[in-house]
Amino acid sequence: MKQQLKLAGLAVLLGVAAGPAAAQEKVKIGVIVTLSGPAAALGAQVRDGFALAVKDLGGKMGGKDVEVVVADDELKPDGAVTKAKGLLERDKVDFVVGPIFSNILQAIHKPVTDSRTFLISPNAGPSSYAGKECSPFFYVTSYQNDQVHEILGKVAQDRGYKRVYVLVPHYQAGKDSAAGFKLDYKGEIVEESYMPLGTLDFQVELTKIASAKPDAVFTFMPGGMGVGLVKQYKQAGLADKIPVLSAFTVDESTLPAQQDAAVGMFGGANWAPNLDNPQSKKFVTSYEGAYNNVPGTYAMQGYDAAMLIDSAVKAVKGDLGNKDAVAAALKKADFTSLRGDFKFNTNGYPIQNFYLTKVAKRPDGKFQTEIVEKVFENYGDRYARDCTPGK
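Draft legend 1. Summary view of the packing of helix α11 (residues 297-315) against helix α12 (residues 323-332). As a packed pair, α11 and α12 sit with axes 8 Å apart at the nearest point and diverge in direction by 135°. As the angle between them shows, α11 and α12 are arranged oblique. Pair α11 / α12 crosses with right-handed handedness. Contact residues: α11 offers Leu308, Ile309, Ala312 and Ala315, while α12 offers Val326, Ala329 and Leu330. Broken down by class, the residue content of the contact of α11 with α12 amounts to 7 nonpolar, no polar and no charged.

So this is what it looks like as structure tokens:
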């Protein structure tokens, strides 16, 4: 009962219709993200970015009222499957938006797409669904996991770093991150260390890094893992000696906790809060006003996920029963992305620009990532060639 009340309250906050309208007269969307534990900030950004978009749309998509049901996957694959099936069978949603982590996506992908329900990932983009296993029921508003890490590999190569220490979590996205980094980086990998997902103590690895004295460290440690690593890296006296090239380790979801310890650290991203276009500037101002924190890529991608769905509902004039037409409309991506240039590849993953970013402290005391340089332009992932469109 408490959970139902919470969801009802959230529906009001979202500006979502909660009236007695018939189910077929609404667009029903399930948002399943991580909202508890050390990684909760990531899911909250997606949820809030999505909510802001629904509010900006006046609570309607294609003239139909929108109902949003939010579920916490708790970063537990088995539990996520149960929650996803609840969204499908009990709530009868038209779209599922989520999740954050690739291991959760791998758990819910089959039950959602097998039910012929559209799954829109606002973050997780594993290689496993980008090639031969692509689906007309799966779309990604973020990236293919490898790509963000490829940015750092190219930067390391271009900057002449001859020896790099790789430190990533032991799950699919961690493996993708290391693979992505090594695509363009041709120097020596001093060590490739895989940590259990959820690790918060990095003292052993920091000792190894200090001893190895690499030219740089490449790491991917999202959420609480990134908070722990960055603080301990600074405390160990390594921040001023060995540069950190990271993805999802220093971003707007972790910076409120990392603060000064993260300043100057580099990241790779498809967007940053200082991106210079009108829609992005408006979004950042609105998000900060609504939630009193700086939006990161998670929030941006959540916002874009809502706008993508809206574009498809409009295109089919609300006829969500015509799955082929909805799929074609989603693939067209006829909306203005906050990141600017954006279109879908044949596999439902984006073709977009990627940037090197750097953490900065703003005059108001808040922290954000800022674009240093564009590394890739209109870049599509390498797995798309193995996808058969319309499969």
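The discussion continues.
Draft legend 2. Summary view of the nonpolar core. Core analysis: the largest hydrophobic core is formed by 99 residues, its most contacted members being Ile29, Phe50, Met61, Phe95, Phe283, Ile309 and Leu330. Ranked by the residues each element gives to this core, the list is headed by α11, at 11 residues. Other than its neighbours up to four places away in sequence, phenylalanine 283 contacts Leu52, Trp271, Pro295, Ala299, Met300, Tyr303 and Leu338. Counting residues in each nonpolar core, the second largest holds 22 residues, with Met221, Ile242, Leu255 and Phe367 among its members.

Draft legend 3. Broad picture of helix α8 (residues 224-235). If you check α8, its first and last C-alpha atoms are 17 Å apart, about what 12 residues at 1.5 Å a residue would give, namely 16 Å. Within α8, the full set of buried residues consists of Gly224, Met225, Gly226, Val227, Gly228, Leu229, Val230, Gln232 and Tyr233. On its buried face, α8 sits against β7 (163-169), α7 (203-212), β9 (216-219), β10 (244-246) and α9 (255-258). Looking one or two residues beyond α8, the residue adopting positive phi is glycine 237, at roughly 80°.

Draft legend 4. Examining the pattern of salt bridges more closely. Inspection of the entire model under this criterion finds 22 salt bridges. Between glutamate 288 and arginine 362 there is a salt bridge, with its nearest N and O atoms 2.8 Å apart. Of this pair, glutamate 288 sits in helix α10 (residues 278-291) while arginine 362 sits in the loop between β13 (350-361) and β14 (367-379), and the two are 74 residues apart along the sequence. Just as glutamate 288 is buried, arginine 362 falls in that class too.

Draft legend 5. Expanded view of the pairing of β14. Looking at chain direction, β13 and β14 are connected through 9 bridges and run antiparallel. Bridge pairing in β14 links lysine 361 to phenylalanine 367. Between β13 and β14, which pair antiparallel and follow one another directly, the connecting turn spans 5 residues, one of which, glycine 365, has a positive phi of 90°.

Draft legend 6. Structural detail: the sheet that holds strand β6 (residues 138-140). The strand order across the open sheet formed by 6 strands is β2-β3-β1-β4-β5-β6, and the pairing between neighbours is mixed. Looking at strand neighbours, the two that pair on one side only are β2 (60-61) and β6, the edges of this open sheet. Pairing analysis gives 3 bridges linking strand β5 (residues 118-121) to β6, with the strands arranged parallel. Pairing of leucine 119 across the sheet is with phenylalanine 138, part of β6. Sheet contacts for helix α4 (residues 102-114): β1 (26-33), β4 (95-97), β5 and β6; angle to β5, the most-contacted strand, approximately 155°.

What counts and what doesn't
- Residues numbered from 1 in each chain as written.
- Predicted model: local features only at pLDDT ≥ 70, side-chain atom pairs only at ≥ 80, totals over all residues.
- Heavy atoms only, no water.
- Axes fitted to C-alpha atoms, helices over the stretch in contact; angles between N-to-C directions.
- Helix = DSSP H or I, 4+ residues; strand = E, 2+ residues; numbered from the N terminus.
- Parallel < 35°, antiparallel > 145°, perpendicular 65-115°, else oblique.
- Left-handed = near helix turned anticlockwise from the far one by under 90°.
- Contact = heavy atoms within 4.5 Å.
- Nonpolar A, V, L, I, M, F, W, Y, C, P; charged D, E, K, R; others polar.
- Core = buried A, V, L, I, M, F, W, Y, C linked by side-chain atoms within 4.5 Å.
- Buried < 20%, exposed > 50% of the residue type's maximum accessible area, 1.4 Å probe, protein only.
- Expected span 1.5 Å × (residues − 1).
- Salt bridge = Lys/Arg side-chain N within 4 Å of Asp/Glu carboxyl O.
- Pairing = 2+ DSSP bridges.

All we've got here are geometric facts, nothing functional implied.
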